[in-house]
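Breakdown of the fold
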Amino acid sequence: MKRLIIGTLISVSTIGSAFAACTYNFDATPAEISALPSNIPTAKFPILINQKSSFLIPSFQSTSNTVQMYMGTSSAVAQSTTTNNQNVISDKNIGISGEYAFEFLIDNFINTPITNDSYVSIGQSFILSDTNKTIKVGAINLINDPRNGINLIVSFSKNDGSGETSQSYPVSSIPALGLRVGVFINQNSKQIGLNINGVNKGYIDSFSSTPNRIGFITYGIAMGFKGSDPNIGKTISGELMTDKSKIALTYAAGTKDICEIPL
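Now for a look at the structure at hand.

Focus on the overall build of the protein chain
Of the regular secondary structure elements, the protein chain holds two helices and 15 strands. A total of 263 residues make up the protein chain; the buried ones form 55% of that total. Accessible surface for the protein chain amounts to roughly 11,000 Å². Of this, 52% is attributable to carbon and sulfur atoms.

Quick look at the sheet that holds strand S3 (residues 52-56)
Sheet architecture is open: seven strands sit in the order S2-S3-S15-S6-S11-S12-S13, paired in antiparallel fashion. Looking at the sheet topology across the chains shown, the edges are occupied by strand S2 (47-49) and strand S13 (199-206). In this sheet, adjacent strand axes meet at a mean angle of 15° when their direction is disregarded. Sheet topology note: the S3/strand S15 (residues 235-241) ladder contains five bridges and is antiparallel. Among the inter-strand pairings, Ser54 is bridged to a residue of S15, identified as Ser237.

Observations concerning the state of the cysteines
Tallying each qualifying case throughout the model produces one disulfide. One disulfide in the model links Cys22 with Cys259; its S-S distance is 2.2 Å. Every disulfide takes its handedness from the sign of the S-S torsion; for Cys22 and Cys259 that torsion is 80°, giving right-handed. Highlighted residues: Cys22 in the segment before helix H1 (30-34) and Cys259 in the segment after S15, separated in sequence by 237 residues. Taking the relative accessible area as the measure of exposure, Cys259 reaches 0% and is therefore buried.

What counts as what
- Residues numbered from 1 in each chain as written.
- Predicted model: local features only at pLDDT ≥ 70, side-chain atom pairs only at ≥ 80, totals over all residues.
- Heavy atoms only, no water.
- Helix = DSSP H or I, 4+ residues; strand = E, 2+ residues; numbered from the N terminus.
- Buried < 20%, exposed > 50% of the residue type's maximum accessible area, 1.4 Å probe, protein only.
- Areas by Shrake-Rupley, 256 points an atom, 1.4 Å probe, with all protein chains shown as cover.
- Pairing = 2+ DSSP bridges.
- Axes fitted to C-alpha atoms, helices over the stretch in contact; angles between N-to-C directions.
- Disulfide = S-S within 2.5 Å.

Structure representation (structure tokens):
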């Protein structure tokens with residue numbers, strides 16, 4: 001499976017205002033997505049509206065590929081990744097002090113463990129960089145596979161893929177309103193924290209230098225669904241929340257969205 005920086009795998013605005021939504025532009029074209037380094041078939045999400053990405057679980061015939069990856073990102077990050085997968089420069093400016101939060105809401109998934117040889121996941125990667133180098137790559141990935149059931153995997157790596165850390169959080173069931181995962185980045189202490197559906201896990205990773213840019217890559221993978229599998233045709237979807245009006249979990253006082261607006 002492809003590695004995000006595509007490790008651990010052009011913004012609408014840079015600094016937001018009280019009157020403008022804080023958004024991230026997933027404007028990479030299908031051609032830019034297909035050009036990303038990968039050893040499996042990769043296509044742009046068939047449904048990508050604003051910051052919400054969706055796909056239907058496909059049926060894999062015996063004569064076809066047995067795995068498919070869907071991706072969405074900005075044109076700038078796609079081009080930077082294609083040029084140098086080990087040193088991606090992000091495109092959304094963030095402040096260099098204080099704490100910032102964003103969330104990923106997975107609102108359609110397979111809510112019970114699959115029992116055949118299939119595999120499905122949807123995730124959100126983020127790339128922290130300055131104007132010259134990647135500083136940290138993080139990935140939030142909800143996985144359903146027959147060996148391990150449903151798990152949220154959160155992983156981090158440096159730009160070259162070294163020093164990778166990973167934590168697994170079992171998910172017994174997905175709430176009706178979806179699984180909401182919050183990430184908070186403390187620029188002062190250089191730490192990254194996690195909040196899973198309102199349960200604050202605290203800081204779980206760190207970085208060495210101060211980033212001033214962030215970029216996002218959303219991805220989904222389906223593998224091995226064939227024959228009369230009852231999950232074929234089901235919707236898998238997730239939405240990146242970067243605007244304070246959509247961020248729903250609780251964070252430390254003074255935390256802002258990535259456009260500097262206090263939550």
